Amino acid sequence: MQYRKIGQTDLNVSVISLGTMTFGEQNTEHEAHTLIDYAVAQGVNLLDTAESYPVPPRPETQGQTERFIGTWLKKTGKRNEVFIATKIAGPSRQLGHSSHIRQGESRHNRHNIELALNDSLQRLQVDHVDLYQLHWPDRTTNHFGKLGYTHTEHEDFIPIAETLLALDSLVKAGKIRHIGVSNETPWGVTQFINIAEKLGLSRIVSIQNPYNLLNRTFEIGNAEVSIRENVGLLAYSPLAFGHLSGKYLNGAQPEGARVTRWERFARYKGENAERATELYVELAHKHGLNPAQLALAYVNSRRFVSSNIIGATHLEQLKVNIGSVDIELSDEVLAGIEHIHQLYPNPSP
Ligand SMILES: NC(=O)c1ccc[n+]([C@@H]2O[C@H](COP(=O)([O-])OP(=O)(O)OC[C@H]3O[C@@H](n4cnc5c(N)ncnc54)[C@H](OP(=O)(O)O)[C@@H]3O)[C@@H](O)[C@H]2O)c1
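Residues numbered from 1 in each chain as written. Predicted model: local features only at pLDDT ≥ 70, side-chain atom pairs only at ≥ 80, totals over all residues. Heavy atoms only, no water.

**Student:** Outline the packing of aromatic side chains, listing residues and values.
**Tutor:** Applying the stated criterion across every chain, the model contains six aromatic pairs. Seen in terms of ring centroids, F241 and F265 are 5.3 Å apart; in terms of plane orientation they differ by 85°. Their pairing is edge-to-face. Taken together, the residues span a long stretch of sequence, with F241 in the loop between strand 9 (232-236) and helix 7 (258-261) and F265 in the loop between helix 7 and helix 8 (271-286) at a distance of 24 residues. Here a set of aromatic residues connected by ring pairs shows up, and it is made of F241, W262, F265 and Y268. Directly above the ring of Y298 sits R302, whose terminal nitrogen or CZ lies 4.2 Å from the centroid. (Phe/Tyr/Trp six-rings, centres within 6.5 Å; stacked < 30°, edge-to-face > 60°. Helix = DSSP H or I, 4+ residues; strand = E, 2+ residues; numbered from the N terminus. Lys NZ or Arg CZ within 6 Å of the ring centre and 35° of its normal.)

**Student:** Outline the environment of G311, listing residues and values.
**Tutor:** With respect to the element layout, G311 can be found in the loop between strand 10 (305-310) and helix 10 (315-323). By relative accessible area, G311 is classed as partly exposed at 41%. Apart from residues lying up to four places away in sequence, G311 is in contact with G19 and N321. (Buried < 20%, exposed > 50% of the residue type's maximum accessible area, 1.4 Å probe, protein only. Contact = heavy atoms within 4.5 Å.)

**Student:** With reference to specific residues and values, describe the site of the ligand.
**Tutor:** Lining the immediate surroundings of the ligand are 34 residues, of which D48, F241, K247, R258 and T313 lie closest. A distance of 3.1 Å is found between an oxygen atom of the ligand and a backbone nitrogen or oxygen belonging to M21. Between an oxygen atom of the ligand and a side-chain N or O atom of T313, the distance comes to 2.5 Å. Taken by itself the ligand offers 910 Å² of open surface, and the protein chains cover 94% of this. Taking a 2 Å distance to the grid points as the criterion, the majority of the atoms of the ligand fall inside the largest pocket. Elements supplying a minimum of two residues to the shell around the ligand: strand 10 and helix 10. Among the residues making up the shell around the ligand, the classes are represented as 15 nonpolar, 15 polar and four charged. (Near = heavy atom within 4 Å. Polar contact = N/O pair within 3.5 Å; in protein donor to acceptor, adjacent residues only side chain to side chain. Areas by Shrake-Rupley, 256 points an atom, 1.4 Å probe, with all protein chains shown as cover. 1 Å grid on protein atoms, 1.4 Å probe; cavity = no way out; pocket = protein on both sides within 12 Å on 5 of 7 lines; lining within 4 Å. Sits in = over half its atoms within 2 Å of the grid points. Nonpolar A, V, L, I, M, F, W, Y, C, P; charged D, E, K, R; others polar.)

**Student:** Describe the sheet that holds strand 6 (residues 129-134), with residues and values.
**Tutor:** Spatially, 3-4-5-6-7-8-9-10 is the arrangement adopted by the eight strands of the closed barrel, whose pairing is parallel. Strand-to-strand twist across the sheet, computed as the mean angle between neighbouring axes with direction ignored, equals 30°. Relative to strand 8 (residues 204-210), strand 7 (residues 176-182) runs parallel, the two being bridged by four bridges. Counterpart to S182 in the pairing with strand 8 is Q208. Where helix 9 (residues 291-300) meets the sheet, its contacts fall on strand 3 (16-19), strand 9 and strand 10, and the angle it forms with strand 10 comes to roughly 155°. (Pairing = 2+ DSSP bridges. Axes fitted to C-alpha atoms, helices over the stretch in contact; angles between N-to-C directions.)

**Student:** Tell me about the pairing of strand 5 (residues 83-88), residues and numbers included.
**Tutor:** Within strand 5, six of the six residues are buried, leaving the element largely enclosed by the surrounding structure. Burial along strand 5 is two-sided: F83, A85 and K87 and I84, T86 and I88, pointing in opposite directions, are all buried. Here strand 4 (residues 46-48) runs beside strand 5; their pairing, made up of three bridges, is parallel. Across the sheet, the residue bridging to D48 is A85, located in strand 5. For the crossover from strand 4 across helix 2 (residues 64-76) to strand 5, the handedness is right-handed. With four bridges connecting them, strand 5 and strand 6 associate as parallel partners. Bridge pairing links K87 to Q133 in strand 6. (Right-handed = clockwise from strand over helix to strand, strands pointing away.)

If you want it as structure tokens, here you go:
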């Protein structure tokens, strides 16, 4: 395993971290524990979760993912071997999907942040988390599949300074080690940094956004901010929900797989995404590579990536995905990727 420092911290994070959002829906507690055991044995030291997981979010299962991580920590006593990253949901107005969390009260004000964090700590059975992230912004902006920005006039959102003040007091109380954002824009990241500096508050250390061969929009504005300001990317959905393995090509519907099971996971479907995927899979085969490993090795190799948050519902997938750390893409493969990207730039933003 390789390790990288995240932001301006002393956290040496594994290049591959384990995403857990299938735990409690696609994966049972036993399966979840087996996956974490394997990942940790391979040197993975960051587990990423959220108060709203598992997905798809449902009132009946909300919090199960954190609970399963909590029972794993308790059972193994390995709290000091892993960094725990979790998230507070954002307002439900844009998504509808978190309206069951605190009866729809998930704005980023002090009251909700304190309630959310304390509930997460309880489910995780820990006294602090290593990284606490705002799952999506309190204001309306372009994320979750929205490419362009549309301005909402006179929107009432929680000022970033208020959110930072609340987070900072929880850092001072020892319940949070570091803070981060997710599904953020360059404007948002720079606001968080500048306001924190002006008020002497905790600085964000990471940004968790989607980044994969079908969606490299992070490179447009966020990559520069990420490198210059040392706010590392925790790349999510690196396989575009599994599409980049090639398993959905030609209309295939693998049994039990995410995109087969739930219509809502349509973000990486579409004609151009399918054509681009065909070409990436062909490129991998031409060079004797596993298509999933090609896609993951590309993410691992980007300078602005602190860690690549992989997901896996089966041990076999996990082995392949962690194995991507040992793959270095040749200049020829990188040129091939660039060529496909020029033909089909960001088909699934
Ligand atoms: N901040 C956010 O808003 C946000 C959003 C999404 C995700 N995340 C985080 O990022 C993590 C990873 O996201 P993701 O699950 O969307 O990542 P992904 O890599 O795009 O998709 C992972 C899924 O693809 C399939 N898969 C994985 N490896 C495979 C392989 N080698 N061959 C074939 N199929 C394979 C599995 O699903 P099936 O077995 O069902 O096919 C697996 O659950 C999440 O767990 C979560 O922690 C954060």
